[in-house]
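If you want the building blocks of each chain, they are given just below.
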Amino acid sequence: MSAVNIINVAVLDNPAPFLSPFQFEISYECLAPLNDDLEWKLIYVGSAEDETYDQLLESVLVGPVNVGNYRFVLEADPPDPLKIREEDIIGVTVLLLTCSFLGQEFIRVGYYVNNDYEDEQLREEPPQKVIIDKVQRNILSDKPRVTKFPINFHPENGETEELNASLPNQPTEIDGDGGQPADSEALVSDGQGVQ
């Protein structure tokens, strides 16, 4: 069982211009006190074919964390369009929100992002060079892809080997419709984010 559960992730200011900051309101609960920080990251996937175009937009440490419910807004600068291949700016890509403890990622929330011109004429007759100021991004927040990874939240108890032997080797994936393996915890979408 995880010591930290995401209760909800709400995507704020969506849709928005491509160059606007990202804002996510993250609500989570901690079921056991943690003596170290949680690391939250937001990653923009710049190319489906080449991860060297991925950009870490923000990384924040939160903690130590006591038992209770928490909420904060994660704000991140937009990706640098100069670090994205021109042909990959317009179209669909992925945004990843991850959380780790002691360097171990235990949850990943993936969103599809559609980047396109807001102006219909530009959509129908796109210019040869992307006009980034005219591009709008739309995070498809109603269908996040949630993947949970089993980790040991209390390695100081000396239970690492025993715990690793009892943990399943595969991460648990949950889609935005709540479709999931029968043995996983329920995470569903409310149309605004992950619950």
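Because the structure is a prediction, the values reported are computed rather than measured. In this convention, every chain numbers its residues from 1, walking through the sequence in written order. It should be noted that, the model being predicted, local features are given only for residues of pLDDT at least 70 and side-chain atom pairs only at 80 or more, the latter also being counted only at that level, while totals for whole chains, interfaces and linings use all residues. For the side-chain quantities, the full set of heavy atoms in the structure was used; hydrogens and water were omitted.

Participant: Can you tell me about the packing of aromatic side chains, naming the residues and giving the values?
Facilitator: What counts as a ring pair is set by centres within 6.5 Å for rings of Phe, Tyr and Trp (its six-membered ring), and what kind of pair is set by the plane angle: stacked under 30 degrees, edge-to-face over 60, tilted for all other angles. Per the counting criterion, the structure on display carries eight aromatic pairs. On the basis of an interplanar angle of 65° and a centroid distance of 5.6 Å, the ring pair of Trp40 and Phe72 is categorised as edge-to-face. Here Trp40, found in strand β4 (residues 38-45), pairs with Phe72, found in strand β6 (residues 68-76); they are 32 residues apart in sequence, far enough to count as distant. Each member of the pair, Trp40 as well as Phe72, carries the same accessibility label: buried. Under the scheme used here, helices are H or I runs from DSSP no shorter than 4 residues and strands are E runs no shorter than 2 residues, and both carry numbers assigned from the N terminus. For every residue, the accessible area obtained with a 1.4 Å probe (protein chains only) is divided by the maximum for its type, and the residue is called buried under 20%, exposed over 50%, and partly exposed between those limits.

Participant: I'd like to hear about unusual backbone geometry, residue by residue, with values.
Facilitator: Residues Asn14 and Pro15 are joined by a peptide bond in cis, for which omega reads -5°. Locating Pro15 in the fold gives a position in the loop between β1 (4-12) and β2 (16-17). A cis geometry characterises the amide bond from Gly63 onward to Pro64, with omega recorded as -5°. Here Pro64 is to be found in the loop between β5 (55-62) and β6.

Participant: Provide a residue-level description of the nonpolar core, including the pertinent values.
Facilitator: As a rule of thumb, soluble globular proteins bury nonpolar side chains together. By size, the foremost hydrophobic cluster in this structure holds 42 residues, and its most contacted members are Phe24 and Leu38. Of the residues forming this core, the biggest block, six residues, is contributed by strand β8 (residues 104-117). We call two residues contacting when some pair of their heavy atoms lies within 4.5 Å. Residues within four places of Phe24 in sequence aside, it is in contact with Val9, Ala10, Val11, Leu42, Phe72, Val73, Leu74, Leu95, Tyr111 and Ile139. Note on terminology: a nonpolar core comprises buried Ala, Val, Leu, Ile, Met, Phe, Trp, Tyr and Cys residues joined through side-chain atoms within 4.5 Å.

Participant: Give a detailed account of the pattern of salt bridges, specifying residues and quantitative values.
Facilitator: Salt bridges are identified by distance alone: a Lys or Arg side-chain nitrogen within 4 Å of an Asp or Glu carboxyl oxygen. Counted under the stated rule, the structure contains five salt bridges. Its salt-bridge partner being Arg85, residue Glu49 comes within 3.3 Å of it at the nearest N-O pair. Linking Glu49 in the loop between β4 and β5 with Arg85 in the loop between β6 and α1 (86-89), this pair joins segments that are 36 residues apart in sequence. With its nearest N and O atoms 3.8 Å apart, the salt bridge here joins Glu86 to Lys129. Residue Glu86 is located in helix α1, and its partner Lys129 is located in the loop between α2 (120-124) and β9 (135-139); the two are separated by 43 residues in the primary sequence. Owing to a relative accessible area of 60%, Lys129 belongs among the exposed residues under this scheme. When salt bridges that share partners are traced, they join Glu49, Arg85, Glu87 and Asp88 into one network.

Participant: Mind laying out the confidence of the model for the chain, listing which residues take part and the relevant values?
Facilitator: With 80% of its residues at a pLDDT of 70 or more, the chain shows a mean pLDDT of 85. Each residue carries a pLDDT score, the predictor's confidence in it, ranging from 0 to 100. Within the model, the stretch residues 160-169 combines pLDDT values under 50 with seven contacts to residues more than four positions away or in other chains. In the model, residues 178-195 has pLDDT below 50 throughout and makes 55 contacts with residues more than four positions away in sequence or in other chains.

Participant: Break down a negative patch on the surface for me, citing the residues and quoting the values.
Facilitator: Together, Glu118, Asp119, Glu120, Glu124 and Glu125 make up a negatively charged patch on the protein surface. Looking at the secondary structure, you find Glu124 in helix α2. What makes Glu124 exposed here is its relative accessible area of 56%. Residues forming no salt bridge and having over 30% relative accessible area are the ones grouped into patches, like charges within 9 Å of each other and nonpolar side chains (Val, Leu, Ile, Met, Phe, Trp, Tyr) within 5 Å. Residue burial considers only the protein chains on display, and all accessible areas are found by Shrake-Rupley using a 1.4 Å probe. His is not counted, nor are the chain ends; Lys and Arg add positive charge and Asp and Glu add negative charge. Lys charges are placed at NZ, Arg charges at CZ, Asp charges at CG and Glu charges at CD.

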